[in-house]
There are 2 protein chains.
Amino acid sequence: MQEKMMEYARLLVEIGVNVQKGQNLVISAPVECADFARMCAKAAYAAGCREVIMNWKDDTLTREKYLHAAEDVFDTVPEWSKHFYNDYAQEGAAFLSISATDPENLLGVDSGRLVRSQRSSGEALKPYYRLQMASGFAWCIASIPIPSWANKVFPGRADAMERLWDAILATVRVNGDGRAVERWRDHLKKLEERRDKLNAYHFASLHYRNSLGTDLVIRLPENHLWAAGGGATKSGQAFIANIPTEEIFTAPLRNGIDGVVYAALPLCHDGNIIDKFHMVVKEGKIVEVHAEKGEETLRSAISVDEGASYFGEVALVPYDSPISNQKILFYHTLFDENASCHLAFGEAYNECIQGGADMTKEELKAQGLNDSITHVDFMVGTKDLSIVGTTHDGQEIPVFVDGNFAF
Amino acid sequence: MQEKMMEYARLLVEIGVNVQKGQNLVISAPVECADFARMCAKAAYAAGCREVIMNWKDDTLTREKYLHAAEDVFDTVPEWSKHFYNDYAQEGAAFLSISATDPENLLGVDSGRLVRSQRSSGEALKPYYRLQMASGFAWCIASIPIPSWANKVFPGRADAMERLWDAILATVRVNGDGRAVERWRDHLKKLEERRDKLNAYHFASLHYRNSLGTDLVIRLPENHLWAAGGGATKSGQAFIANIPTEEIFTAPLRNGIDGVVYAALPLCHDGNIIDKFHMVVKEGKIVEVHAEKGEETLRSAISVDEGASYFGEVALVPYDSPISNQKILFYHTLFDENASCHLAFGEAYNECIQGGADMTKEELKAQGLNDSITHVDFMVGTKDLSIVGTTHDGQEIPVFVDGNFAF
């Protein structure tokens, strides 16, 4: 197990953020994940990293804060915190996030505090978030188990932690043979082949339908680009923003989505679970939401700012993907979004438009991309999902048939 | 045990830093101490704290940094870190430090890196350190066990952690009956009675002698004050800087120390152990040091700046104190200094001079107080220590006889 963890740590450092000689690396991790964070730090120093800076997280303390801190805490961001995120982002440090949380850590917390907190950090850390969306620095989100989360995924199992470790290591192609990096290079190549096919079609729109009730037409910007797997910063540092990643994604036309979309899986957002929900969308805007569970959290999420009720991402993942075939509901977007076609409301990625890396916010808007301080993925792929693409000359091309790629 | 830990956490929050309604609390703690840190946070919110801000530490990552980070890391302090310490200090936040470390965590590390790091942080965090020495904010250093440290104190014992917990809880007067705060109020009262007696003598000098070879005369500033136990900020917030505390302390006259002083216990400093050492002092300056172990660490410690080779504190602790009677070598200054008379080289505390709280650095110097970015306590009390005080009219008064107070 120690071997596998080390291989995983090296994978994240070497091709996840691909830390460079002399570069700073910021690692976010829950305190429960200290052993693994230390392995990542060792791997980073071995790769010539200048300094590893830790950004420790703790579910309990986060919950305590949202429950008991003073009101104005949620409307302000201290200077040190602005400098922390914005300065490291602006100097081009690498950011590795070990993301692990109790999916219902913030159950019962005043959702107003969550929204205000997101708004104030969205404003204060704008340079950081902007650079992240524009590939201004190398970043990678990955995950390892913590007990509270593992017990949610495998309730009542004494070996919940081991099972979740096994499940995660399978999704990230780590088996202890030391060849995970090679397997990832192969995997990225395959994703890129599909990405190239999608770009060649140059679709004008996609029509989603399934038996849940989804019937949604998504128009794409004239100059949209599909992206997959690995990206690169402007300065040419390759990185993989999510490990695992199985998706091929682009940006929708901000005002070009109409219809109804049903979630295929629960969504864990802001420490709450949103389940059995659907949305009605008109000219790109979410005009109605219904959820059997967590509706208030969902309403808060789409009201963080104006752009939060418009869409920023369209991502294709086959129903028969290595992650979804495990038939595990991870209660963690990093895994669940890579087990299912998904959409995101909120901010679009610059790389999803031709020349986007060098565009201002205004130019991106002119291209039809959405702007927001938030970006929330939710899963829509089912085993009977059909997606039909329409090209600019009116041809209809099956993209997804019965939940999987048609080509 | 859970009960005792909660009682201890409440003690630290309620009378250690004495957190006020609406006040921020910064908690420093190793990640291994997360459970206890969470208890402190809960106690702080229960007391009306505005926000608990965590400052997590980790021995392994600190060691990795000193071994493998780039050279210039040790000469610079990032903006965010300056803002973190200086801003919270300047707004008058409370600082609680849960101090626990492997006493030899930095064994083998380049001592030049340690010194440079201390110099650059001494410079960058000057507002924070100055305010700390001048009681500009409420602060409290306390401790709980971590495995690496417990195994050093009780080598080869499977129950090392439990033993160290028991030892620490005994020193901090926590037994689970919920009355620790009362016991502490009684204890502080006793220390204050002794402090008042010492102030009444208004000694001109103290003469230390014991069989180890110590023969040292320490002159005291004309306007020196003895302090003990609890202090208070300028704004009147009472706090206890060290829990446990058994000492009564003042500042020596910077240029008024002559003779030889032998350490009575090993000193753990900067992740290294310094043992069996003595110093020769002329007109206040340490002109010679000899150590059987850790001499390089000691030499580095007194060369951080000019004031590091002069003295900043004289502290009296009876040999038969509740801590020393446990006959445990804690390898942690917080405990060992409260088990033995000690001296400190480096900075003096403002409160040790009449009107010191409102004095500038220059005024404090004019009073004879030492100035440095460091402050390192080391233990000199033995069971045969004799201290004779000489008053300004030439009377010789026994202060310590056979290691204990003569009055």
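Residues numbered from 1 in each chain as written. Chains lettered and ligands numbered in written order. Predicted model: local features only at pLDDT ≥ 70, side-chain atom pairs only at ≥ 80, totals over all residues. Heavy atoms only, no water.

Focus: the overall build of chain A
The condition that has to hold: By the criteria applied, helices consist of DSSP H or I runs no shorter than four residues and strands consist of E runs no shorter than two, each listed in order from the N terminus. With C-alpha atoms as the basis for the radius of gyration, the globule rule is written as 2.2 Å multiplied by the number of residues raised to the power 0.38. Buried, partly exposed and exposed residues are distinguished by accessible area as a fraction of the type maximum, computed with a 1.4 Å probe on protein chains only: under 20%, between the cut-offs, and over 50%, respectively. The contact definition used throughout considers only heavy atoms, calling two residues in contact when any of these lie within 4.5 Å. For every accessible area listed, the method is Shrake-Rupley and the probe measures 1.4 Å; residues are considered covered only by the protein chains on display. Only four residue types enter the tally: Lys and Arg on the positive side, Asp and Glu on the negative side, with His and both chain ends excluded. The atom standing in for a charge is NZ when the residue is Lys, CZ when it is Arg, CG when it is Asp and CD when it is Glu.
For chain A, the helix and strand inventory stands at 12 helices and 20 strands. In terms of C-alpha radius of gyration, chain A reaches 20 Å, essentially the compact-globule figure of 22 Å for 407 residues. Within chain A, the proportion of its 407 residues that are buried is 60%. Excluding contacts between residues fewer than 6 apart, the proportion of contacts in chain A whose partners are at least 24 apart in sequence is 75%. With the model as given, the accessible surface of chain A reaches about 15500 Å², and the carbon-plus-sulfur share is 48%. Averaging the positions of the 40 positive and the 57 negative side-chain charges in chain A gives two centres separated by 2 Å.

Focus: the interface of chain B and chain A
To keep it simple, the criterion reads: The term buried area means the drop in 1.4 Å probe accessible area that two parts suffer when joined, counted for both and summed. A pair is scored as a salt bridge if a Lys or Arg side-chain nitrogen falls within 4 Å of a carboxyl oxygen belonging to Asp or Glu. Think of a polar contact as two N or O atoms within 3.5 Å of one another; within protein, one of them needs to be a possible hydrogen donor and the other a possible acceptor, and neighboring residues in sequence only count if both atoms come from side chains. Asp, Glu, Lys and Arg are counted as charged, while Ala, Val, Leu, Ile, Met, Phe, Trp, Tyr, Cys and Pro are counted as nonpolar; the rest, among them Gly, fall into the polar class.
Taken together, the contact pairs 31 residues of chain B with 31 residues of chain A. Here chain B and chain A share an interface that buries about 2700 Å² over both sides, 66% of which is from carbon and sulfur atoms. A per-residue breakdown of the area chain B buries against chain A is headed by R38, R50 and W80 of chain B, which together make up 25% of the total. One can count seven salt bridges joining chain B with chain A. For E51 of chain B, the salt bridge goes to K65 of chain A, with nearest N and O atoms at 3.8 Å. On inspection of chain B and its partner chain A, the count reaches 11 residue pairs in polar contact (both at pLDDT 80 or more). Across the side of chain B that touches chain A, the residue classes break down as 16 nonpolar, four polar and 11 charged.

Considering the sheet that holds strand β16 (residues 342–346) of chain B
Filter applied, for reference: In short, DSSP must find at least two bridges between two strands for them to pair.
An order of β7-β10-β15-β16-β17 (chain B) is seen for the five strands of this open sheet, with the pairing classed as antiparallel. Edge positions in the open sheet fall to β7 (227–228) and β17 (375–379) of chain B, since each of these has one partner strand only.

Considering the side chain of N86 of chain A
Residue and element names in this part refer to chain A. Take N86: it is sitting in helix α4 (residues 79–91). At 3.2 Å, the side chain of N86 and the backbone nitrogen of Y128 are in polar contact. Apart from the residues within four sequence positions on either side, N86 is in contact with A124, L125, K126, P127 and Y128.

Here we look at the pairing of strand β18 (residues 386–391) of chain A
All names here are of chain A. Two strands pair when backbone bridges link them, and strand β5 (residues 203–209) and β18 are joined in this way by six bridges, in the antiparallel orientation. Its bridge partner lying in β18, R209 is registered against S386. For β18 and strand β19 (residues 396–401), the ladder comprises four bridges, and the chain directions are antiparallel. Each bridged residue has a counterpart across the sheet, and for I387 the counterpart in β19 is F400. What sits between β18 and β19 in their antiparallel hairpin is a turn of four residues, with G394 showing a positive phi close to 85°.

Considering the packing of helix α2 (residues 34–46) of chain A against helix α3 (residues 59–68) of chain B
Let me state the cut-off plainly: Axis definition: a line fit to C-alpha positions, over the contact stretch in the case of helices; interaxial angles, taken between N-to-C directions, run 0 to 180 degrees. When an angle is under 35 degrees it counts as roughly parallel; over 145 it counts as roughly antiparallel; between 65 and 115 it counts as roughly perpendicular; any other value is oblique.
Where α2 of chain A meets α3 of chain B, the closest approach of the two axes is 10 Å, and the angle between their N-to-C directions is 5°. Considering the angle they form, α2 of chain A stands roughly parallel to α3 of chain B. Contacts between α2 of chain A and α3 of chain B involve R38, A41, K42 and Y45 of chain A on the former and, on the latter, T60, L61, E64, K65 and H68 of chain B. Looking at the contact of α2 of chain A with α3 of chain B residue by residue, the class counts come to three nonpolar, two polar and four charged.

A word on the relation of the copies chain B and chain A
Our working definition: Only residues with pLDDT of at least 70 in both copies contribute their C-alpha atoms to the least-squares superposition of the copies.
For the pair chain B and chain A, the superposition axis carries a translation of 0.0 Å, the fit reaches an RMSD of 0.0 Å, and the rotation angle comes to 180°. The superposition of one copy onto the other is thereby described by a two-fold rotation axis. Distance from the rotation axis, computed per C-alpha, reaches its smallest value in chain B at W80 of chain B: 2.2 Å. The overlap is high: 100% of the interface residues of chain B also sit at the interface in chain A, so the same surface is used on both sides.

Topic: α4 of chain A
Residue and element names in this part refer to chain A. Where we set the bar: Helix span, as expected, comes to 1.5 Å for every residue beyond the first.
Across its 13 residues, α4 extends 17 Å between first and last C-alpha, which sits within 8% of the 18 Å expected from 1.5 Å per residue. Of the residues making up α4, those classed as buried are W80, S81, H83, F84, Y85, N86, Y88 and A89. Immediately downstream of α4, the backbone of G92 shows phi near 80°, a positive value.

Here we look at the packing of aromatic side chains
How two aromatic rings sit relative to each other is given by the distance of their centres and the angle of their planes. All names here are of chain B. Under the convention used in this document: Between rings of Phe, Tyr and Trp, where Trp is taken as its six-membered ring, a pair exists when centres lie within 6.5 Å; planes separated by under 30 degrees are stacked, by over 60 edge-to-face, and by other angles tilted. Throughout this description, the term charge over a ring refers to an Arg CZ or Lys NZ atom that lies within 6 Å of the ring centre and within 35 degrees of the ring normal.
Tallied over the full model, the rule gives 45 aromatic pairs over all chains. Measuring from ring centre to ring centre gives 5.4 Å for F84 and Y88, while their planes differ by 80°; the resulting arrangement is edge-to-face. Residue F84 and its partner Y88 are located together in helix α4 (residues 79–91), separated by four residues, close to a single helical turn. Here the basic side chain of R254 rests over the ring of Y310, its NZ or CZ set 3.8 Å away from the ring centre.

Points about the environment of T360 of chain A
With respect to the helices, strands and loops of the structure, T360 of chain A is situated in the loop between β16 (342–346) and α12 (361–366). T360 of chain A sits 205 residues away from P155 of chain A along the chain, and the two C-alpha atoms are 47 Å apart.

As for the packing of helix α1 (residues 2–16) of chain A against α2 of chain A
Residues and elements named next belong to chain A. Keep this limit in mind: Crossing handedness follows the turn of the near helix against the far one: under a right angle anticlockwise gives a left-handed crossing, and clockwise gives a right-handed one.
Packing of α1 against α2 brings their axes to within 8 Å, and their N-to-C directions diverge by 55°. Here α1 is positioned oblique relative to α2, judged by the angle of their axes. Between α1 and α2 lies a crossing whose hand is right-handed. Of the residues in α2, those touching α1 at Q2, M5, M6, Y8, A9, R10, L12 and V13 are F36, M39, C40, A43 and A44.

So, helix α5 (residues 111–124) of chain A
All names here are of chain A. With 14 residues, α5 ought to run about 20 Å at 1.5 Å a step, and its terminal C-alpha atoms sit 20 Å apart, in line with that. Most of α5 sits out of view: 10 of its 14 residues are buried. Those residues of α5 that sit buried are S111, R113, L114, V115, S117, Q118, S120, S121, G122 and A124. On its buried face, α5 is in contact with α3 (59–68), α4, α6 (126–133), β13 (272–282) and α10 (295–301). With a side-chain oxygen positioned 2.8 Å from the backbone nitrogen of G112, the residue opening α5 is D110.

Some details on unusual backbone geometry
P244 of chain A follows I243 of chain A through a cis peptide bond whose omega is 5°. Looking at where P244 of chain A falls in the secondary structure, it is placed in the loop between β9 (238–240) and β10 (248–250). The phi dihedral of E283 of chain A is positive, around 50°, even though this residue is not glycine. Position of E283 of chain A relative to the elements: it lies in the loop between β13 and β14 (285–293). For H202 of chain B, which is not a glycine, the phi torsion comes out positive at approximately 50°. Structurally, H202 of chain B is set in the loop between α9 (180–201) and β5 (203–209).

A look at the pattern of salt bridges
Think of it this way: side chains of opposite charge can pair up when their charged atoms draw near. All names here are of chain A. Taken as a whole and assessed by the stated rule, the structure comprises 59 salt bridges over all chains. The salt bridge involving K361 is made with E347; its shortest N-O contact spans 2.8 Å. Here K361 is found in helix α12, whereas its partner E347 is found in the loop between β16 and α12, with 14 residues between them in sequence. For E347, a relative accessible area of 3% corresponds to the buried category. Through salt bridges with shared partners, one network takes in R130, E347, K361, K365 and D371.

Remarks on the state of the cysteines
Residue and element names in this part refer to chain B. Let me state the cut-off plainly: When two cysteine sulfur atoms are found within 2.5 Å, that pair is recorded as a disulfide.
Under the defined criterion, the tally for this structure stands at zero disulfides over all chains. The thiol of C49 is not disulfide-bonded; the next cysteine sulfur, from C40, is found 11 Å away. A residue is classified by how much of its surface remains accessible, and C49, at 3% relative accessible area, is buried.

A short note on the confidence of the model for chain A
Applicable threshold: Scored between 0 and 100, pLDDT is the confidence that the predictor attaches to each residue.
Residue-level pLDDT values for chain A average 96, and 100% of them are 70 or greater. Predicted complex, confidence summary: ipTM 0.93, pTM 0.94.

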